[in-house]
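Descriptive structure summary
Below are the chains, spelled out letter by letter.
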Amino acid sequence: MIAPLARFIDWSVLQMASAVVGLKHAPKPKWQLEEALEFLNGPDFIPAASNAAQIEFDGLRDFKFPTPRPGEVAENNIVYGRLYRCAERWQERPVIILLDGAFGVGYHSVIPLLARRINRAGFNAATLVAPYSLQRRPRRPIEENCLDFARAMAQNVAEIRALTGWLLDEGCPSVGLAGGSLGGWTAGLTACGDTRIACAVLAVPGVRTRFSPPVIWPWVRKALQALRPAHEAMDATRLNLILSTPVIPKENILLIEAIHDLLAERQPIEELWQKWEQPEIWRLPYGHVSALFVPGLTGRILDWLSPRLNSDTVRTLNK
């Protein structure tokens, strides 16, 4: 893709997203930074134990289960998802959990298309509505802060692990993760906390909280500048993938970087690649948004996932 076009697409999406989110400057006492750091540095951020989800189906595909990390927002305490089964004997086939980016924009659009492609390749596909997205978003306005963000990330990981446990209990031989943007970040955190994950694809992933997007809205720039000390402090914890360590082999991790990305900056991804001992990385000449629509990319990813999901070693470990 032509570099100026890739950057223009990212820039346009960034301006629209910034306007919708409406990030405002908040006084420091409302950040709850100290509480967030205590939580992120403690054992409860990503605990060792994880119970399988208690899933209820509403029809063939849609399911729900209580979140393993309930909070004060009732709407967010129920996890919604979809399981796209293989046509026959689905419990005998591996599963790829697709993790969406911010706001759940792909849940009803891109992910169903990807799931059908995955089914044709002989794998089950599953997806989850991330915390505070779609029907999990509270009806009343909430005041977001550092602690809420840290808890939401931990909740996201806990729910992925709970679904993984249920799928393995059902008999599926292996579970892999494939996430883009924010979904790539949570896929990375999960791969740093759960040895049951067979493999993980991190496409144009978020790596840390601190970044400097080229936004035109002055109130957004002012808010990001004010929050920079808080972001730097949070980036000194395990929330920063660069400071986390995968518990699955590096051979089972794939990083996908977009050279012209304006949202997931290249430098942190390159630092992550070095820190994680140089797992396989694909550097594509696209932007953050356009990288998700590279012709033939889904097939390449499935070819990469297939031997790792069908590995005899993985099947033995998950028995």
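Here we summarise the structure given alongside this text.

Calculation criteria
- Residues numbered from 1 in each chain as written.
- Predicted model: local features only at pLDDT ≥ 70, side-chain atom pairs only at ≥ 80, totals over all residues.
- Heavy atoms only, no water.
- Patch = residues over 30% accessible without salt bridge, like charges linked within 9 Å, V, L, I, M, F, W, Y side chains within 5 Å.
- Areas by Shrake-Rupley, 256 points an atom, 1.4 Å probe, with all protein chains shown as cover.
- Salt bridge = Lys/Arg side-chain N within 4 Å of Asp/Glu carboxyl O.
- Helix = DSSP H or I, 4+ residues; strand = E, 2+ residues; numbered from the N terminus.
- Buried < 20%, exposed > 50% of the residue type's maximum accessible area, 1.4 Å probe, protein only.
- Axes fitted to C-alpha atoms, helices over the stretch in contact; angles between N-to-C directions.
- Parallel < 35°, antiparallel > 145°, perpendicular 65-115°, else oblique.
- Left-handed = near helix turned anticlockwise from the far one by under 90°.
- Contact = heavy atoms within 4.5 Å.
- Nonpolar A, V, L, I, M, F, W, Y, C, P; charged D, E, K, R; others polar.

Some details on a nonpolar patch on the surface
There is a patch of nonpolar side chains on the surface, built from I2, L5, F8, W11 and I216 and spanning about 500 Å² of accessible area. Mapped onto the elements, W11 comes out in helix α1 (residues 3-21).

Some details on the pattern of salt bridges
What the rule picks out here adds up to 11 salt bridges. For the salt bridge of R139 with E75, the shortest nitrogen-to-oxygen distance reads 3.1 Å. In this pair, R139 sits in the loop between β5 (124-128) and α4 (146-169) while E75 sits in the loop between β2 (62-66) and β3 (78-84), placing the two residues 64 residues apart along the sequence. Residue class for R139 comes out exposed when judged on its relative accessible area of 76%. Residue D235 pairs with R210 through a salt bridge whose shortest N-O separation is 3.2 Å. One end of the pair, D235, is in the loop between α6 (218-234) and β8 (253-258); the other, R210, is in the loop between β7 (197-203) and α6, with 25 residues separating them in the sequence. For D235, a relative accessible area of 5% puts it in the buried group.

Looking at the packing of helix α3 (residues 110-120) against helix α8 (residues 297-309)
Where α3 contacts α8, the two axes come as close as 11 Å, and the packing angle between them is 45 degrees. Taken as axis vectors, α3 and α8 run oblique relative to one another. Here α3 runs over α8; the crossing is right-handed. Counting all contacts with α3, which are made through L114, R117 and I118, the residues of α8 involved are T298, G299 and L302. Along the lines of polarity and charge, the residues of the contact of α3 with α8 split into 3 nonpolar, 2 polar and 1 charged.

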